[in-house]
Amino acid sequence: VGCSLSPFVGKSIDRYGARVIILPCIVLSAFSTMALSWLNSSIWECYLFFVLLAFTGTVLTAVGFSKVVAAWFDRSRGFMMALTLGIVPGVTTAVRAPMSPFLLSHFGWRDSYIVLGCAMLAVSFPTSFLLLWEPGRTKRRPASPARDVPVRTFAGITARDALRKRAFWLIAGA
């Protein structure tokens, strides 16, 4: 589900901005995680919550944050991408991995989901709210570039031509 949503998420971020898409997805992901504590015997509830988590997970990965990092950094872009997209998820996993068994053994699986969702709201939302800004965007400004700002163009091929290339499909399949 998440992979099939990536192009739509990317288009939405281009159109509306990363902040407008990412902040609500953090809240939706946190509440979807907490909602897993309500699961009973309905398979459809399980599907619903995991589809919501797949959608928000797509936004909250490299798809969402790479645009902001690329907009802010030119010279040290590779290093900042490594920090944002490599180290931050790694630290999150390093903290959550030992925390999950502790929560399970002391509180049970239902309360563990609630604690994990609350932790996401308590850490991810304020951090993103304070730090997630795209240069040149204001609250009410449309997503199109300003008239007096030069638009950078890159040499390359069109998306249609890329879809016809074997190299594209090898990279996409990897």
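Quantities reported herein were computed from a predicted structural model and do not represent experimental measurements.

Peer 1: Residue-level account of the packing of aromatic side chains, with values.
Peer 2: One pass over the full model with this rule turns up four aromatic pairs. With a centroid separation of 5.4 Å and 75 degrees between ring planes, the pair formed by W44 and Y47 is classed as edge-to-face. Residue W44 and its partner Y47 are both found in helix α3 (residues 43-59); the two are separated by three residues, about one turn of the helix. You can call Y47 partly exposed: its relative accessible area is 45%. Considering the side-chain rings of W109 and Y113, the 6.2 Å spacing of their centres and the 85 degrees angle between planes classify their relative orientation as edge-to-face. Here W109 pairs with Y113, and both are found in helix α5 (residues 77-131), just four residues apart, close to one helical turn. Its relative accessible area of 27% is what places Y113 among the partly exposed residues. The cationic tip of R19 hangs over the ring face of F129; the distance from NZ or CZ to the ring centre is 4.5 Å. The ring centre of W133 lies 3.7 Å from the NZ or CZ of R19, which sits over that ring.

Peer 1: Describe the environment of H106, naming the residues involved and giving the relevant values.
Peer 2: Tracing the chain through its elements places H106 in helix α5. The class for H106 is exposed, based on a relative accessible area of 53%. One polar contact links the side chain of H106 to the main-chain carbonyl oxygen of F102, over a distance of 3.0 Å.

Peer 1: Any chance you could break down the pattern of salt bridges for me, citing the residues and the numbers?
Peer 2: Taken as a whole and assessed by the stated rule, the structure comprises three salt bridges. Notably, a salt bridge pairs D14 with K67, separated by 3.7 Å at the nearest N-O pair. Taken together, the residues D14 in helix α1 (residues 2-16) and K67 in helix α4 (residues 62-72) connect sequence positions 53 residues apart. Overall, the relative accessible area of 45% leaves D14 in the partly exposed class. Residue K67 is classed as partly exposed on the basis of its relative accessible area, which comes to 26%. A salt bridge links E134 to K67, with the shortest nitrogen-to-oxygen separation between them at 3.6 Å. Of the two residues, E134 is situated in the loop between α5 and α6 (159-163) and K67 in helix α4; the sequence distance between them amounts to 67 residues. A relative accessible area of 9% places E134 in the buried class. What emerges from the salt-bridge pattern is a single network uniting D14, K67 and E134.

Peer 1: Describe in detail the side chain of S128, supporting the description with residues and values.
Peer 2: Assignment of secondary structure puts S128 in helix α5. S128 sits in the buried class, given a relative accessible area of 10%. Excluding residues within four positions of it along the chain, S128 makes contact with R19, L23, I26 and F65.

So, how was this worked out
- Residues numbered from 1 in each chain as written.
- Predicted model: local features only at pLDDT ≥ 70, side-chain atom pairs only at ≥ 80, totals over all residues.
- Heavy atoms only, no water.
- Phe/Tyr/Trp six-rings, centres within 6.5 Å; stacked < 30°, edge-to-face > 60°.
- Helix = DSSP H or I, 4+ residues; strand = E, 2+ residues; numbered from the N terminus.
- Buried < 20%, exposed > 50% of the residue type's maximum accessible area, 1.4 Å probe, protein only.
- Lys NZ or Arg CZ within 6 Å of the ring centre and 35° of its normal.
- Polar contact = N/O pair within 3.5 Å; in protein donor to acceptor, adjacent residues only side chain to side chain.
- Salt bridge = Lys/Arg side-chain N within 4 Å of Asp/Glu carboxyl O.
- Contact = heavy atoms within 4.5 Å.

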